[in-house]
Every structure is written in structure tokens, then in C-alpha cells.
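Inside the fold
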Amino acid sequence: APEPPNSELEVGDKAPDFSYQTSDYTTVSRKQLLAQGNLLLVFGASDEVLRSLEQEREDLLDLGVVPVAVMDARSSTVWSTSRRLGLHYTLVPDPRRVISTQFQTVGNLNRRPVPSWFVIDRVGRVRALRRNELPIRGYPRLVATVLAVPTRDVSVPVRSR
């Protein structure tokens, strides 16, 4: 596994490389995820947040953002959570907290990931982050603001000549 960075990850830094194994035993890397669009990575998400991401998934994809939830659980638990909640976006098992450690989201007391989110652009740079806070909803507006892209409910002014 890649070593975590020595200094705390900040806006503008290159996001750490990571990979994980899917339910069909295929290995997927951060680079492969970024080929699909910008990333919204969430750590320490409750069932309520996971459901909200599912409800907002289409709006995120319309903005060119792929939602990804990194879960502190074994693969079997992650896949059963996905089925139980009816989720259709990427869930990443991180039972040893390797990815959580790379993103410095592991708490000091119980070594569990603290609720956190990161927006990573297509070139792999962290565009925004928040540790110790995970909104229940409103992710499309959040990433649209960070990436400076319009949402359906906001019109973009057209310059006239």
C-alpha cells in the first residue's frame, strides 16, 4: 500500500493515489476513477448521508462529479450496505483504513475515520475539503461552487457584444 503523505493534505495538493478491489475482484485506482470525472470523496458517512448521495447522484454526474464513499468496513459489509440502501455509486472498502490515513481522516481516539469530504478535480488536485463535518445533503451545490460550474437552477450570464 502507498505510504501516507508526511504533511497534512491541503487544498491545491495532489490527492494521494489509492486503489481498491471491486466486488468482482477487479482493482480500480484513483486514476481510473478520475477518468470518469471529478471526484467527491466522502469518509465516515452515515446511512443517511449515503442515501442522500444516492438521491443527488444524477445531479452530481450532470456536473461531471463522481460520488465515492470510502467505508471503514470489509468488502462483504460494503456490498451488503450498498444492496440494503439501494446505492448505485462507488463504495470503497477500507477495512485497514489505508485510504482514510492517506487523507488524514482517521480520528485519534478510536482510530475510526471522522466524517470528511474532499473534491478532487480531474487532474488529481484537491479543490476543497472539510474534515470533521459531513453535510447530510446539498452536495451538488457544494461541488458546483468549488468547481465553478453552473447547476440547473442557476443560469450563467451570457456576454453580449
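These numbers were taken from a predicted model, which means no experiment stands behind them.

Conventions we followed
- Residues numbered from 1 in each chain as written.
- Predicted model: local features only at pLDDT ≥ 70, side-chain atom pairs only at ≥ 80, totals over all residues.
- Heavy atoms only, no water.
- Helix = DSSP H or I, 4+ residues; strand = E, 2+ residues; numbered from the N terminus.
- Contact = heavy atoms within 4.5 Å.
- Buried < 20%, exposed > 50% of the residue type's maximum accessible area, 1.4 Å probe, protein only.
- Pairing = 2+ DSSP bridges.
- Right-handed = clockwise from strand over helix to strand, strands pointing away.
- Phe/Tyr/Trp six-rings, centres within 6.5 Å; stacked < 30°, edge-to-face > 60°.
- Salt bridge = Lys/Arg side-chain N within 4 Å of Asp/Glu carboxyl O.
- Axes fitted to C-alpha atoms, helices over the stretch in contact; angles between N-to-C directions.

Things to note about unusual backbone geometry
Among all residues except glycine, the phi angle is most often negative; among peptide bonds, the trans geometry is most common. Its identity is not glycine, yet Asn-132 carries a phi of approximately 70°, on the positive side. Here Asn-132 shows up in the loop between strand 7 (126-131) and helix 5 (139-147). For Ala-148, which is not a glycine, the phi torsion comes out positive at approximately 55°.

Details of the environment of Ala-69
Looking at the element boundaries, Ala-69 is found in strand 4 (residues 65-71). Sequence separation of Ala-69 and Pro-93 is 24 residues, and the distance between their C-alpha atoms is 8.7 Å. With residues near it in sequence (within four places) discarded, Ala-69 still touches Val-42, Leu-50, Tyr-89, Thr-90, Leu-91 and Val-92.

Section: the pairing of strand 3 (residues 38-43)
Most of strand 3 sits inside the fold, with six of its six residues counted as buried. Neither face of strand 3 is exposed, since Asn-38, Leu-40 and Val-42 on one face and Leu-39, Leu-41 and Phe-43 on the opposite face are all buried. Judged from the six bridges that link them, strand 3 and strand 4 form a sheet pairing that is parallel. Looking at the pairing, Val-42 lines up with Ala-69 of strand 4. In terms of handedness, the path from strand 3 via helix 2 (residues 47-62) over to strand 4 forms a crossover that is right-handed.

Re the packing of aromatic side chains
In the structure shown here, the tally under the stated rule is four aromatic pairs. Both rings, one in Phe-43 and one in Phe-103, keep their centres 5.4 Å apart while their planes meet at 40°; by these two values the pair is tilted. Note that Phe-43 is positioned in strand 3 and Phe-103 in the loop between helix 4 (98-102) and strand 6 (116-120), a separation of 60 residues in sequence. Accessibility classification places Phe-43 together with Phe-103 in one group, the buried group. For the pair Phe-43 and Phe-118, a centre-to-centre distance of 5.7 Å together with 80° between the ring planes defines the contact as edge-to-face. A residue pair is termed long-range when its members are at least 10 positions apart, and Phe-43 in strand 3 and Phe-118 in strand 6 qualify at 75 residues. Each member of the pair, Phe-43 as well as Phe-118, is classed as buried. Put simply, the rings of Phe-18, Phe-43, Phe-103 and Phe-118 pair up and form one aromatic cluster.

Considerations on the environment of Asp-94
When you line up the elements, Asp-94 lands in the loop between strand 5 (90-93) and helix 4. A relative accessible area of 3% means that Asp-94 is categorised as buried. Remark: the alpha-carbon pair of Asp-94 and Arg-74, spanning 20 residues in sequence, is separated by 6.8 Å. For Asp-94, the contacting residues outside a window of four places in its chain are Val-70, Met-71, Asp-72, Ala-73, Ile-99 and Ser-100.

Regarding the pattern of salt bridges
Oppositely charged side chains are able to pair whenever their charged atoms sit close together. If you walk through the whole model with that rule in mind, you get nine salt bridges. The residue Asp-47 makes a salt bridge to Arg-84 at a minimum N-O spacing of 2.9 Å. Placement of Asp-47 in helix 2 and of Arg-84 in helix 3 (residues 75-85) is noted, with a sequence separation of 37 residues between them. The partner of Arg-127 in a salt bridge is Asp-121, with the nearest N and O atoms 3.7 Å apart. Within the structure, one salt-bridge network assembled from shared partners comprises Glu-54, Arg-57 and Glu-58.

Overview of the sheet that holds strand 3
As summarised here, the arrangement of the five strands in space is 5-4-3-6-7, forming an open sheet in which the pairing is mixed. Since the sheet does not close on itself, it has two edges, and those belong to strand 5 and strand 7, each with one partner. In this sheet, neighbouring strand axes are inclined to one another by 15° on average, regardless of whether the strands run parallel or antiparallel. Pairing geometry for strand 4 and strand 5, over four bridges, is parallel. Bridging across to strand 5, Val-68 finds its partner in Thr-90. Helix 3 contacts strand 4 and strand 5 of the sheet and is inclined by roughly 155° relative to strand 5. Across the sheet, helix 5 lies against strand 3, strand 4, strand 6 and strand 7, angled at about 45° from strand 6, the strand it touches most.

Without other data, these values stay purely geometric and don't point to any function.
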